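A look at the structure
So the chains spell out like this:
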Amino acid sequence: MKKLDKNYLDRYSRQIILKTIGISGQKKISSSKVFIVGAGGLGCPIADLLCRAGVGEIGIIDYDKISLSNLNRQTLFNTSDISKYKVDILKKKLSKINPLVKINIFKKKISEKNINNLISKYQIIVDASDNFDTKFLLNERAIKLKKKLIIGAISKFDGHVFVFNFKGKNSACLKCFYQEKPSDEILNCDQEGILGTTASIVGSLQANEVLKSIIGSKNILSNSILILNTLNLKVRIVKFNKIKKCICEH
């Protein structure tokens, strides 16, 4: 972790003066390691905000290149970035935003074969993917490796956020909520559409839950789903229980 010199204290001063964070909380943030799966509409605000907050090490995996249609919601990219790999641009821009943060990028697709090696050293895994296969894979491996997992999903004006802490014994999991895997069609922005602000709001909420988890806040979204609609401004939290014979029981 970076020594607490004047530049460090100035950079994070507005967080440090918060009683719930302080110097000790900022040290926790600077010592933390977070892995983000996906560098799109959710991944951009998550990576941006965690970098600015001073998360010590951030891993980002994505194999896509930037397209013109991405620019309405993927807030760290601009027109000159089109056709370049998302993770390459993110590393370049995040390093300029906060050079104190170590950025690791992986230009590949996460899979059953590589996931353990990719996520093993990170304490918190953040799902910013656009498909349920990846979300369920992350859920399964986070359980086995006893990681914290924060999942986001967006479509049209709607957003969902889940938070699971598999370091404990009482956490439900994604399969407890979706006992059957939903169709990826509901996450398809090409077909369903997406408002850029919805992506930024949900990504910001995910980043918020990451930081709360790092500093040890008791107000964690646990065994619940946060559901929001940015068109009618309705927000609700639905609690759900751990189900019997689920993979999270092992």
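Our structure's up above, just so we're on the same page.
Now for a look at the structure at hand.

About the criteria used
Residues numbered from 1 in each chain as written. Predicted model: local features only at pLDDT ≥ 70, side-chain atom pairs only at ≥ 80, totals over all residues. Heavy atoms only, no water. Helix = DSSP H or I, 4+ residues; strand = E, 2+ residues; numbered from the N terminus. Rg over C-alpha atoms; globule rule 2.2 N^0.38 Å. Buried < 20%, exposed > 50% of the residue type's maximum accessible area, 1.4 Å probe, protein only. Contact = heavy atoms within 4.5 Å. Pairing = 2+ DSSP bridges. Axes fitted to C-alpha atoms, helices over the stretch in contact; angles between N-to-C directions. Core = buried A, V, L, I, M, F, W, Y, C linked by side-chain atoms within 4.5 Å. Patch = residues over 30% accessible without salt bridge, like charges linked within 9 Å, V, L, I, M, F, W, Y side chains within 5 Å. Areas by Shrake-Rupley, 256 points an atom, 1.4 Å probe, with all protein chains shown as cover. Salt bridge = Lys/Arg side-chain N within 4 Å of Asp/Glu carboxyl O. Disulfide = S-S within 2.5 Å. Polar contact = N/O pair within 3.5 Å; in protein donor to acceptor, adjacent residues only side chain to side chain. Phe/Tyr/Trp six-rings, centres within 6.5 Å; stacked < 30°, edge-to-face > 60°. Parallel < 35°, antiparallel > 145°, perpendicular 65-115°, else oblique. Left-handed = near helix turned anticlockwise from the far one by under 90°. Nonpolar A, V, L, I, M, F, W, Y, C, P; charged D, E, K, R; others polar.

**Let's talk about the overall build of the chain**
If you tally the helices and strands in the chain, you get 10 helices and eight strands. Here the chain has a C-alpha radius of gyration of 17 Å; the compact-globule value for 250 residues is 18 Å, and the two agree. The buried share of the chain, taken over its 250 residues, is 51%. For the chain, the share of sequence-separated contacts (at least 6 apart) that also reach a separation of at least 24 residues comes to 64%.

**Description of the sheet that holds strand β6 (residues 158-165)**
Across the sheet, eight strands lie side by side as β3-β2-β1-β4-β5-β6-β7-β8; this open sheet has mixed pairing. Pairing within the sheet leaves two strands with one partner each, and these edge strands are β3 (102-106) and β8 (234-239). Mean inter-strand twist for the sheet, computed between neighbouring axes without regard to direction, equals 15°. Each of β1 (33-37), β2 (57-61) and β4 (124-127) touches helix α4 (residues 43-53); the most contacted strand, β1, lies at about 165° to it. Running over the sheet, helix α10 (residues 196-215) touches β1, β4, β5 (148-155), β6 and β7 (224-229) and is turned about 170° from β5.

**Some words on the nonpolar core**
Core analysis: the largest hydrophobic core is formed by 42 residues, its most contacted members being V34, I36, L50, I58 and I60. Excluding residues that lie within four positions of it along the chain, I36 makes contacts with G43, I46, A47, L50, I58, G59, I60, I61, V126 and A128.

**Observations concerning a nonpolar patch on the surface**
Taken together, the side chains of F157, L195 and L231 present a nonpolar region at the surface, about 270 Å² in accessible area. Assignment of secondary structure puts F157 in the loop between β5 and β6.

**Thoughts on the pattern of salt bridges**
Enumeration over the complete set of coordinates arrives at 11 salt bridges. In this structure, R52 engages D48 in a salt bridge whose closest nitrogen and oxygen atoms are separated by 2.6 Å. Of the two residues, R52 and D48 both sit in helix α4, four residues apart, roughly one turn of that helix. Classification of R52 by relative accessible area gives partly exposed; the value is 47%.

**Structural notes on the state of the cysteines**
All chains considered together, the criterion is met by zero disulfides. Here C176 stays free of any disulfide, with the sulfur of C248 as its closest cysteine sulfur at 3.5 Å. Residue C176 is classed as buried on the basis of its relative accessible area of 4%. For C248, a relative accessible area of 9% translates into the label buried.

**A word on the side chain of T230**
Structurally, T230 can be placed in the loop between β7 and β8. In terms of polar contacts, T230 uses its side chain to reach the side chain of T198, at 2.7 Å. Among residues more than four places away in sequence, those in contact with T230 are F157, L195, T198 and I201.

**A closer look at the packing of aromatic side chains**
Ring pairs (aromatic) are described by centroid distance and by the angle formed between their planes. Taken as a whole and assessed by the stated rule, the structure comprises 13 aromatic pairs. With a centroid separation of 6.3 Å and an interplanar angle of 70°, the aromatic rings of F164 and F240 are classed as edge-to-face. A residue pair is termed long-range when its members are at least 10 positions apart, and F164 in strand β6 and F240 in the segment after β8 qualify at 76 residues. Given the relative accessible area of 10%, F240 is considered buried. Three or more aromatic residues link up through ring pairs in this structure, and these residues are F132, F136, F162, F164, F166, F177, Y178 and F240.

**Some details on the pairing of β6**
Where β5 meets β6, eight bridges bridge the pair, whose relative direction is antiparallel. Across the sheet, residue A153 finds its bridge partner in β6, namely H160. Here β5 folds back onto β6 in antiparallel fashion, the turn holding two residues, of which K156 has a positive phi close to 55°. Bridging between β6 and β7 involves five bridges; their strand directions are antiparallel.

**Remarks on the packing of helix α3 (residues 22-31) against α10**
Look at α3 against α10: their axes get within 9 Å of each other, and the N-to-C directions meet at 115°. Judged by the inter-axis angle, α3 sits roughly perpendicular to α10. Judged by the sense of rotation from one axis to the other, the crossing of α3 with α10 is right-handed. In contact with G25, K28 and I29 of α3, α10 contributes L211, I214 and I215. In terms of residue class, the contact of α3 with α10 is built from four nonpolar, one polar and one charged.

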